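Observations on the three-dimensional arrangement
Residue strings, one per chain:
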Amino acid sequence: MRQHKLALCKDHYLEWVPEQVERAIQKYHMFSHEDRILVAVSGGKDSLSLWDILWRLGYSVDGLYIGLGIGESSAEGLGYSDESERMARQFAEKHALNLHTVSIPQVYGESIPAIAERTHRGREKPCSVCGLTKRHVMNRIAREGGYQVLVTGHNLDDEAAILFSNTMNWIPGYLVRQGPVLEANRAGMVRKVKPLCRMYEREMAAYALLRGIEYVYEECPFVEGSNTIYYKEILNKLEFDRPGSKINFYLTYLQAKENGLFAPLADTELELLHNCPSCGQATTAPGECAFCRMMAKGKKP
Ligand code: Q46
C-alpha cells in the first residue's frame, strides 16, 4: 500500500482492515454496538466485505439485497441480478446472518430497465431510476425493520470520484451534504453511513480475496461509460503518479468542511419537507414524492 508506505502479510492485513474500519466508525460517530444496523448488499466485493467486517467486529447487522431485474438468466448462466442475489444469499447462509430481499420486478411489477423505458427516464442508462428506487426501498426497509442506521459499501474511490464530479461542476448542495454520515434530520429518513469511505477499492478487493469471500465479478452492464468510471480513471492516474492523492483529496475536503468552508444548509430546506401521501416517506416535492410520481408515470389508469 504505497499510499500508506505499508506492506503487510495476510494475517496482519486481515487484522488491519477491520481496525481501519472501526477507526472510521468511531471518528465519525457512525453507530455503536447497541444499534441495529442494516447493510445494503449488492453481491459485490465492497458490500459483502463490509458485512463480513462488521460481523467480525461484533456489530448487530442484517443485510438487504435489492433485486433490480437486470440481465437475463438462461441455460448458459445467471443474469447480473440473479447472480448477485446468489452471492448475497450464499454469504448470509454461510455466516447464519439475516438477509432481507426485495425483488423490484416482483414488488413493483417491472424491472429497473422496464421502468426507465416506460417513464422515458434514461432509455440507454437506467441509473437515475435505479438510484431513486434503491434509495426509496432502502429507507423503507430500514424504517419498517426498526433499524437505527443504514450502511452502504461506498469506498474511498467511490467517494473521491463523486467529490471530483461535484467539484468539477461546482454543485454546492451536494458538496455541503457529501460525507461519511448523512444524518436522519428529516422526518421518516433513516441515518446513512459509509464505514469504508477511507478504504481504497484495491484494499477491499484484496480483503475479499484473502477472506475467501465469493462475490459477483461482473459489473452491472450499465456501469460502462458512466461519469463515475471516467473520474475514477483520472483519479487512478493521479494516484499512480502520486500515491496518496485520493485519500488526501477526500480527507482534506472533510477537514475543510469541518473548518467551515461551506455554510450549513438553511433550516428552511428542512422545514419544507412533508410526508408523501402515497408512501409516507419524507419529500421536498409538493404532493407525491419523486419515487411515487415515477411509478405512476405513463401507467394506464
Ligand atoms: S446498478 Fe443501477 Fe448502478 Fe447498474 S443500473 Fe446504474 S445505478 S450501474 S451502482
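Provided above is the structure to which this section pertains.
Thresholds, definitions, all that
Residues numbered from 1 in each chain as written. Predicted model: local features only at pLDDT ≥ 70, side-chain atom pairs only at ≥ 80, totals over all residues. Heavy atoms only, no water. Disulfide = S-S within 2.5 Å. Buried < 20%, exposed > 50% of the residue type's maximum accessible area, 1.4 Å probe, protein only. Near = heavy atom within 4 Å. Nonpolar A, V, L, I, M, F, W, Y, C, P; charged D, E, K, R; others polar. Axes fitted to C-alpha atoms, helices over the stretch in contact; angles between N-to-C directions. Helix = DSSP H or I, 4+ residues; strand = E, 2+ residues; numbered from the N terminus. Parallel < 35°, antiparallel > 145°, perpendicular 65-115°, else oblique. Contact = heavy atoms within 4.5 Å. 1 Å grid on protein atoms, 1.4 Å probe; cavity = no way out; pocket = protein on both sides within 12 Å on 5 of 7 lines; lining within 4 Å. Points joined across faces, edges and corners; volume = space filled by probe spheres on them.

Any covalent bond linking the sulfur atoms of two cysteines counts as a disulfide. Tallied over the full model, the rule gives 0 disulfides. Distance from the sulfur of Cys 276, which forms no disulfide, to the nearest cysteine sulfur (Cys 279) is 3.8 Å. When its relative accessible area of 3% is taken as the criterion, Cys 276 is described as buried.

Let us now look at the site of the ligand. Contacts to the ligand come from Leu 68, Ile 70, Cys 127, Cys 130, Lys 134, Cys 220, Phe 222 and Val 223. Within the shell around the ligand, the residues separate by chemical class into 7 nonpolar, no polar and 1 charged.

With that settled, consider the packing of helix H1 (residues 10-27) against helix H2 (residues 45-56). The relative placement of two packed helices comes down to the angle between their axes together with the axis-to-axis distance. Interhelical geometry of H1 versus H2 gives an angle of 85 degrees and a closest axis separation of 10 Å. On the basis of the axis angle, H1 is roughly perpendicular to H2. Note on element contacts: H2 touches H1 through Ile 53, Leu 54 and Arg 56, opposite Leu 14, Val 17, Pro 18, Val 21 and Ile 25.

In this structure, the second largest pocket occupies an estimated 230 Å³ of space. Along the wall of the second largest pocket there are 16 residues; nearest its centre are Gly 67, Asp 82, Glu 85, Ser 103 and Gln 106. Among the elements that take part in the lining of the second largest pocket, helix H3 (residues 80-94) stands out by supplying 4 residues, more than any other.

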